[in-house]
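Coordinates in review
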Amino acid sequence: MSATTNISRRQFMKAGALAGGGPLLACHLPFGMRDAAASGEAVFAPNAFLRIGTDESVTVIVNKSEMGQGVYTSLPMLIAEELCCDWKRVTFQSAPVAPEYNHAQFGPIMVTGGSTSVRSEWERLSLAGAAAREMLISAAAQRWKVAPSACRAENGIVHGPNGKQLSFGKLASEAAKLPVPKVPKLKSGAKKLLGKPLHRLDSPAKINGTAVFGIDVTAPGMLTAVIARPPVFGGKLKSFDAAKALASPGVKQVLAVDAGLAVVADGFWTALKGRELLEIVWDEGEGAQVSTSSMHDQYKALTATPGLVARRDGDAEGVLAKAKQRLEAEYEVPYLAHAPMEPLNCFVDLKEGSCQIRTGSQFQTVDRNAAAGVVGLKPEQVALETTFLGGGFGRRACTGSDYVIEAAQIAKVVKQPVKVIRTREDDMRAGYYRPMWFDRVSACLDEKGLPLAWHHRIVGQSIIAGTPFESAMVKDGIDDTSVEGAANTPYAIPNLQVELHSPRNPVPVLWWRSVGHSHTAFVMESFMDELAHQAGKDPYPYRRSLLAKHPRTLKVLETAAMKSGWGKPLPKGRGRGIAVHESFGSFIAQVAEVSLDKKGVVKVHRVVCAVDCGKIVNPDTIKAQMESGITFGLSAALYGQITLKNGRVEQGNFHDYQLVRMAAMPKVEVHIIDSQEPPGGVGEPGVPPIAPAVANALFAVSGVRMRSLPMTPEKIMTALKKG
Amino acid sequence: MIVFNVNGKERRVEVSPDTPLLWVLREKLGLSGSKYGCGEGLCGACTVHIDGLPQRSCITPVGDVQGKRVLTIEGIPENNPVKRAWLDQEVSQCGYCQPGQIMSAVALLEKKPAPTDADIDSAMSGNLCRCGTYGRIRRAIHAASKKTVKRGGQKS
Ligand code: FES
Ligand code: FES
């Protein structure tokens, strides 16, 4: 979701109300804390992010959605480091929607995305912890009648002169009466927690079945709804007969919503059985004309015409026109579904004058406001509780708030708590995909074999166009998320031109883990490999020679090459490929080791990954996110595609939208560069380099250059036969 | 009335016998640890044990478990070596698939206390993890196996 980063990079900043900097006073109680507050237990709440109880408990209120990336541990670590509390006492709560929990950089919305959780909260949470520590020390100093400077805090205890000691819990009530320091001082010296591979605080709940995901939410009298959706995008309900469905056991109501026809029942299975009995006539409209094969032809034709210029250095067109030899290639990648393991769902309890939403959202303010609009309440009257998310990958930060709006529309009619659940097929066919892309690249080399000119045309839908974010984030017709990773390539190419076409069509698109980089890295790093081979050079030193001005990119490239044993012989039938890419403030290089069997199936045996994400909080989380990004990217490289025929999405479940399974999982080694640079993201940047690393390795082992994803056995066999 | 045993307790439910066991566990018995991921036996998120064997509860009609023993993630004790290994290896990411993964791993170790990598591939390939925790799952199974084998292969 670098798109949201761009909100800050651009005019969105003007919206103001930035909450960065000093700690803010709390006025909203996080979920799960109301009871404690109601019972009148003395609590020290120096800011919106921290509660210290007289029972020594330290509760960190986390304003980021937990979807696998470990924010319920990394963000508490940031506070705890400065607070000097006992880590064993730390627990977490998810924050409600309130201004003090807005993104520290993106303007007035609460959102988790752009791989920003740690880097955007680092300063604010460190200061929040430091302020609380100073207040606890002041409280102890007052009690002992000594100067605060004579005291220090460690492991949840304030130590004073002559061995005096008081625990944070014992000081909480007095500390709560003190003024909050405006400019708290951060600790100096060695870090106690940061940089350590601490265990995740949320793991126990995730392995014993008690973690509550959106789909697990329940309430007395709750009903469950499923929606029959039009078979094509933009389709509308024309007429229906619900008599049979309504007669089906457990079915309570059938009602039309914008998304289609909802069946409300006493449970998921009864709702589903009712849905099967609906008789519906759809008005398919123009959506029925859409097919990805004709889109492919249209996109390809567009690459022959000039697009909007996103980057121009020198004169790529002029140099190429005069070149004796030019290399030209077409690359394509398909639509992709996010396919989080937990299908989309949303619980809504609408009452007179208030509304409670419980769902796994990455886009809380946007979703809450959308729901408020539907039910006719003020946004402040709508509470949105963020549950655990069974995967997000950008899908749960939906610019259209689709799954929240449909639930609110149903709740408005049924007037009872209701949970809408999508089946896997509903989830996969309802759109908001990673866009399909088609690229044409041409280049020529200088006398040393290095790229002299690179001309690149990109064709694909804009994620932002047509959304409320368009005016802030699309500049001069160019959606930065369409060209990121290409227009800002670090390679030294004297004549470089990147152009963009953004055709519109009815297929909804959205940020998909690593957004534009998921496509541009594949093209940039594959074509760079092609140039190296054209020049008769080893692709690793070839890249090195073009990155002299980018030490961090260079360092990860060198580390991955070295750790993978680049240049050393491999067992027969194996090949290596390398790729490097910067995204979300982090630098990643990967070397993949692959083999190809007789049926055209690529097997990835090993992936060596080097990452420089600046200064770090939890090295184990970083490793886990690299492993995760590599697996996610590998599923797309080898299997992933959403195709449409006559407007219908051809995939529906995991048999035809395959993911990497245990047996296909390579060995992954992650090497973290020791760095004091500003923190970068880790949730997304592991994804982009893997597809080109595998494609380049496939070329090394077989001579087959895959310019189209996914790398299916059919495509590979066809290429092999062509020779 | 369908009567069966869940995690050691007799349960009685009044539902249509074609209702998948998964939804009976989740909605009637308040055991929401077993997850819905695909409804077609393709992802393993709903894995439970029926009379000791791992099964996909999303495609098991509750009528079929009449009189049988069902074990869900909620019935696995905290000191089970698999659960402990899952924590030690810090396997979970979003966590959604993990109850199903753990149920498959427990079943594997009961059958083969010292599984090879190939055994793990075949026993675990029915369980998808979109977050890509496979490498850690493999390590955790090997680690749990060492503990189980040391204790004479006894089940916890
Ligand atoms: S939900 Fe049962 S196998 Fe996927
Ligand atoms: S941990 Fe998220 S799906 Fe496995």
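In this text, all values refer to a predicted model and were calculated from it rather than measured experimentally. (Residues numbered from 1 in each chain as written. Chains lettered and ligands numbered in written order. Predicted model: local features only at pLDDT ≥ 70, side-chain atom pairs only at ≥ 80, totals over all residues. Heavy atoms only, no water.)

**Concerning the overall build of chain B**
For clarity, the cut-off: Each helix corresponds to a stretch of at least 4 residues labelled H or I by DSSP, and each strand to a stretch of at least 2 residues labelled E; elements are numbered beginning at the N terminus. With the radius of gyration taken over C-alpha atoms, the globule rule is written as 2.2 Å times the number of residues to the power 0.38. Residue contacts are counted whenever heavy atoms from the two residues lie within 4.5 Å of one another. Only the protein chains shown count as covering a residue, and every accessible area follows the Shrake-Rupley method with a 1.4 Å probe. Positive charges come from Lys and Arg alone, negative charges from Asp and Glu alone, with His and the N- and C-terminal ends not counted. Where a charge lies is defined by one atom per residue type: Lys uses NZ, Arg uses CZ, Asp uses CG and Glu uses CD.
Helix and strand counts for chain B stand at 5 helices and 5 strands. Secondary structure elements of chain B, listed N to C terminal, follow the sequence β-β-α-β-β-β-α-α-α-α. Here the C-alpha radius of gyration of chain B, 15 Å, is about what a compact globule of 156 residues would show, namely 15 Å. Its C-alpha atoms give chain B principal-axis dimensions of about 45 × 35 × 25 Å. The contacts in chain B between residues at least 6 apart in sequence include a share of 59% that link residues at least 24 apart. As displayed, chain B has an accessible area near 5,900 Å², and 49% of this comes from carbon and sulfur atoms. Computed over 22 positive and 15 negative side-chain charges, the inter-centroid distance for chain B is 6 Å.

**Some details on the domain arrangement of chain B**
Residues and elements named next belong to chain B. Using the following cut-off: Start and end positions for the domains come from either an automated domain assignment or a database one. Buried area is a sum: the accessible area each of two parts loses on coming together, probed at 1.4 Å, counted once for each and added. Just to be clear on terms, a salt bridge is a Lys or Arg side-chain nitrogen sitting within 4 Å of an Asp or Glu carboxyl oxygen. Two N or O atoms form a polar contact when they lie within 3.5 Å of each other; inside protein one atom must be a possible hydrogen donor and the other a possible acceptor, and for residues adjacent in sequence the pair counts only when both atoms belong to side chains. Side-chain classes are defined by residue name, with Ala, Val, Leu, Ile, Met, Phe, Trp, Tyr, Cys and Pro counting as nonpolar, Asp, Glu, Lys and Arg as charged, and the others, Gly among them, as polar.
Taken domain by domain, chain B holds domain 1 (2-75) and domain 2 (81-147). Listed by partner, the interface residues are 16 residues for domain 1 and 13 residues for domain 2. Between domain 1 and domain 2, roughly 1,200 Å² of surface is buried when both sides are summed, and carbon and sulfur atoms account for 62% of that area. For domain 1, the biggest contributors to the area lost against domain 2 are Lys35, His49 and Ile73; these three give 41% of the whole. Viewed at the interface, domain 2 and domain 1 are joined by 0 salt bridges. Our count for the contact surface shared by domain 1 and domain 2 stands at 5 residue pairs in polar contact (both at pLDDT 80 or more). The set of elements that each furnish at least two residues to the side of domain 1 that touches domain 2 consists of strand S3 (47-50) and strand S4 (53-56). If you tally residues by element for the side of domain 1 that touches domain 2, the top one is S3, at 3 residues. Looking at the side of domain 1 that touches domain 2, its residues break down into 8 nonpolar, 6 polar and 2 charged.

**What to know about the sheet that holds strand S5 (residues 152-154) of chain A**
Residues and elements named next belong to chain A. Short version of the rule: Any two strands between which DSSP finds at least two bridges are classified as paired. Inter-axis angles, ranging from 0 to 180 degrees, are taken between N-to-C directions of lines fitted to C-alpha atoms, where helices are fitted over the stretch in contact.
The sheet built from 3 strands is open, its strands ordered S5-S6-S7 with antiparallel pairing. Of all strands in the sheet, those bounded by a partner on one side alone are S5 and strand S7 (165-167). In this sheet, adjacent strand axes meet at a mean angle of 25 degrees when their direction is disregarded. Examined bridge by bridge, S5 and strand S6 (residues 157-159) share 3 bridges and lie antiparallel to one another.

**Concerning the pairing of strand S15 (residues 345-351) of chain A**
Residue and element names in this part refer to chain A. Under the convention used in this document: The cut-offs for exposure are 20% and 50% of the maximum accessible area for each residue type, with area from a 1.4 Å probe on protein chains only; residues under the lower value are buried, those over the upper are exposed, and the others partly exposed.
Counting buried residues in S15 gives 6 out of 7 residues, a clear majority hidden from the surface. Taken together, the 4 bridges between S15 and strand S18 (residues 418-421) define a ladder with antiparallel strand orientation. Residue pairing in the sheet places Phe347 in a bridge with Lys419 of S18. Two elements, S15 and strand S16 (residues 354-359), share 5 bridges in a ladder whose sense is antiparallel. The residue bridging Val348 from the neighbouring strand is Ile357, located in S16. Hairpin connection from S15 to S16: 2 residues lie between these consecutive antiparallel strands, with Gly353 at a positive phi of about 80 degrees.

**A few points about the domain arrangement of chain A**
Residues and elements named next belong to chain A. Each assigned domain of chain A is listed with its residue range as follows: domain 1 (9-208), domain 2 (214-285 + 344-421) and domain 3 (293-335 + 433-722). Of the residues lining the interface, 18 residues belong to domain 1; the matching set on domain 2 comes to 15 residues. Between domain 1 and domain 2 the total buried area reaches about 1,400 Å² when both faces are included, carbon and sulfur atoms providing 62% of it. If you look at where domain 1 meets domain 2, you find 0 salt bridges. At the junction of domain 1 and domain 2, the tally comes to 7 residue pairs in polar contact (both at pLDDT 80 or more). Residue composition of the side of domain 1 that touches domain 2, grouped by class: 11 nonpolar, 4 polar and 3 charged.

**Thoughts on the side chain of A:His501**
Residues and elements named next belong to chain A. Summarising the element assignment, His501 is placed in strand S23 (residues 495-501). Engagement of the side chain of His501 in a polar contact is seen with the backbone oxygen of Thr305, the distance being 2.7 Å. In this view, His501 contacts Leu302, Thr305, Pro306, Gly307, Arg457, Ile458, Val459 and Gly460; residues no more than four positions away in its chain are not counted.

**Brief notes about the packing of aromatic side chains**
The line we're drawing: To pair, rings of Phe, Tyr and Trp, with the six-membered ring standing in for Trp, must have centres within 6.5 Å; the planes then decide the type, stacked if under 30 degrees apart, edge-to-face if over 60, and tilted in the middle. For a Lys NZ or an Arg CZ to count as sitting over a ring, it must be within 6 Å of the ring centre and within 35 degrees of the ring normal.
Inspection of the entire model under this criterion finds 18 aromatic pairs over all chains. Both rings, one in A:Phe268 and one in B:Tyr36, keep their centres 5.4 Å apart while their planes meet at 55 degrees; by these two values the pair is tilted. With A:Phe268 in helix H8 (residues 268-276) and B:Tyr36 in the loop between helix H1 (21-28) and S3, the pair connects residues from two separate chains. The two residues A:Phe268 and B:Tyr36 agree in class, both being buried. One aromatic cluster is present, formed by A:Tyr72, A:Phe92, A:Phe213, A:Phe388 and B:Tyr96 through successive ring pairs. Sitting over the face of the ring of A:Phe393, B:Arg130 holds its NZ or CZ atom 5.9 Å from the ring centroid.

**Quick word on the environment of A:Gln625**
Here A:Gln625 lies in helix H19 (residues 619-638). Under the relative-accessibility criterion, A:Gln625 is labelled buried at 4%. Not counting chain neighbours up to four residues away, the residues in contact with A:Gln625 comprise A:Gly68, A:Gln69, A:Arg513, A:Val682, A:Gly683 and B:Gln93.

**A word on the pattern of salt bridges**
Residues and elements named next belong to chain A. Using the criterion set out here, one finds 50 salt bridges over all chains in the structure. One salt bridge connects Glu154 with Arg152, and the closest N-O pair in it is separated by 2.6 Å. Residue Arg152 is classed as partly exposed on the basis of its relative accessible area of 44%. Arg457 is the partner of Glu317 in a salt bridge, and the nearest nitrogen-oxygen pair spans 3.8 Å. Of this pair, Glu317 sits in helix H10 (residues 316-322) while Arg457 is found in strand S20 (residues 451-460), placing the two residues 140 residues apart along the sequence.

**Things to note about the environment of B:Arg84**
Residues and elements named next belong to chain B. When you line up the elements, Arg84 lands in helix H2 (residues 81-88). When its relative accessible area of 38% is taken as the criterion, Arg84 is described as partly exposed. Considering only alpha carbons, one finds Arg84 and Lys147, 63 residues apart in sequence, at a separation of 10.0 Å. With sequence-adjacent residues up to four places away left out, Arg84 is seen in contact with Glu78 and Asn79.

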